[in-house]
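# Notes for the structure review
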Amino acid sequence: DEARRTMVQLLSHELRTPLTYVTGGFSLLAEKLDNTLTPDAAISLDLIRSGANRLNRLTEQMVLFAELTSGHVQLQMNNIATTVSIESVLKNVVAIQSSDAAARNITLNLIHLSNEGLHVFGLGALLTSALLEVIRNAIAYSPEGSSIQIGLGHDANMAVIQITDSGRGIVPEDLPLVWNVLIQSERHKHEQQGAGMGLPIARKIIELHHGTIVLDSVVNMGTTATICLPLC
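Conventions we followed
Per-chain numbering applies: the sequence of each chain, read as written, is numbered from 1 onward. The predicted nature of this model means local features are confined to residues of pLDDT at least 70 and side-chain atom pairs, given and counted, to a pLDDT of 80 or more, with totals for whole chains, interfaces and linings taken over all residues. Processing note: side-chain calculations cover all non-hydrogen atoms of the structure and skip hydrogens and water entirely. In this analysis, the protein atoms alone were mapped onto a 1 Å grid. Cavities are point sets where a 1.4 Å probe fits without being able to get out; pockets are open sets with protein on both sides within 12 Å along at least five of seven lines; lining residues have an atom within 4 Å of a point. Grid points are joined across faces, edges and corners, and a volume is the space filled by probe spheres set on the points. A run of DSSP states H or I qualifies as a helix once it reaches four residues; a run of E qualifies as a strand once it reaches two. Both are numbered from the N-terminal end. Three categories are distinguished: nonpolar for Ala, Val, Leu, Ile, Met, Phe, Trp, Tyr, Cys and Pro, charged for Asp, Glu, Lys and Arg, and polar for the others, with Gly belonging to the last. Whenever Lys or Arg places a side-chain nitrogen within 4 Å of a carboxyl oxygen from Asp or Glu, that contact is recorded as a salt bridge. Buried residues are those whose accessible area, probed at 1.4 Å on protein chains only, stays under 20% of the maximum for their type, while exposed residues exceed 50% and partly exposed ones sit between those limits.

## Focus: the layout of surface pockets
Sizing a probe to match a water molecule and rolling it over the atoms shows the empty space that remains. Of the pockets and cavities examined, the second largest pocket occupies roughly 240 Å³. Every residue lining the second largest pocket is listed: Arg16, Arg57, Glu60, Gln61, Val63, Leu64, Glu67, Ser129, Leu132, Glu133 and Arg136. At the level of secondary structure, the elements contributing two or more residues to the lining of the second largest pocket comprise helix 2 (39-70) and helix 5 (124-140). The dominant element in the lining of the second largest pocket, judged by the number of residues it contributes, is helix 2, at 6 residues. Each residue belonging to the lining of the second largest pocket can be placed in one class, and the counts come to 3 nonpolar, 2 polar and 6 charged.

Here is the structure:
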């Protein structure tokens, strides 16, 4: 665990700076060349763009994880946390992820939205990041043409969010491990992108807001992530 944390902190710094130069220079170059490219060159340009975007996302995950483990984000919670509409956060996350879902013909269904205006105390940007990671996972592991159910309700003094997919599920022995950084279930059997950082980031953010996140999974049937956050 300590080795993984050290690696993340090191790479988050060492990747971010050169990637800033790469993406900035690439954007300028692509703009100048856009109308002069042959079809093969255009394909190559798209591959470079896709690879740079993937590396950028990985780097931002690493930076966020490093901030969460260093105590930096706790200081933000202490100083600038405020009342947040969890329904607004959830709708924003679905809007952000709609294009990725549509690319695989996956439908994101928002259901059971509460009419009571559920609010939690915390940082909206962080809660957005946590929910993005969970829904990204659901999209990545769902079959094309399927749907993902995203429900919001409340139980006593807790806001309850449930995200359910119909993917391949997680084998029971891997369920406790998916919360560890740089761990992915059955990576040796299935080709998959990412570095296994999404769920650890999500859990740290939810716990920072005094909430919980639990996974229930059945192999070949799907996974449900249940997130509970204390209401204001």
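After that view, the rundown keeps rolling.
## Section: the pattern of salt bridges
One pass over the full model with this rule turns up 5 salt bridges. Among the ionic pairs, Glu87 bridges to Lys91, the shortest N-O distance being 3.4 Å. In this pair, Glu87 and Lys91 are both assigned in helix 4 (residues 86-103), 4 residues apart and thus about one turn of the helix distant. Judged by its relative accessible area of 43%, Lys91 falls in the partly exposed class. In this structure, Glu207 and Arg203 form a salt bridge, with 4.0 Å as the shortest nitrogen-oxygen distance. Highlighted residues: Glu207 and Arg203, both in helix 6 (residues 198-208), separated by 4 residues, approximately one helical turn. Residue class for Glu207 comes out partly exposed when judged on its relative accessible area of 46%. Taking relative accessible area as the criterion, Arg203 reaches 29% and is therefore assigned partly exposed. In the salt-bridge network here, residues are joined through shared partners; they are Arg57, Glu133 and Arg136.

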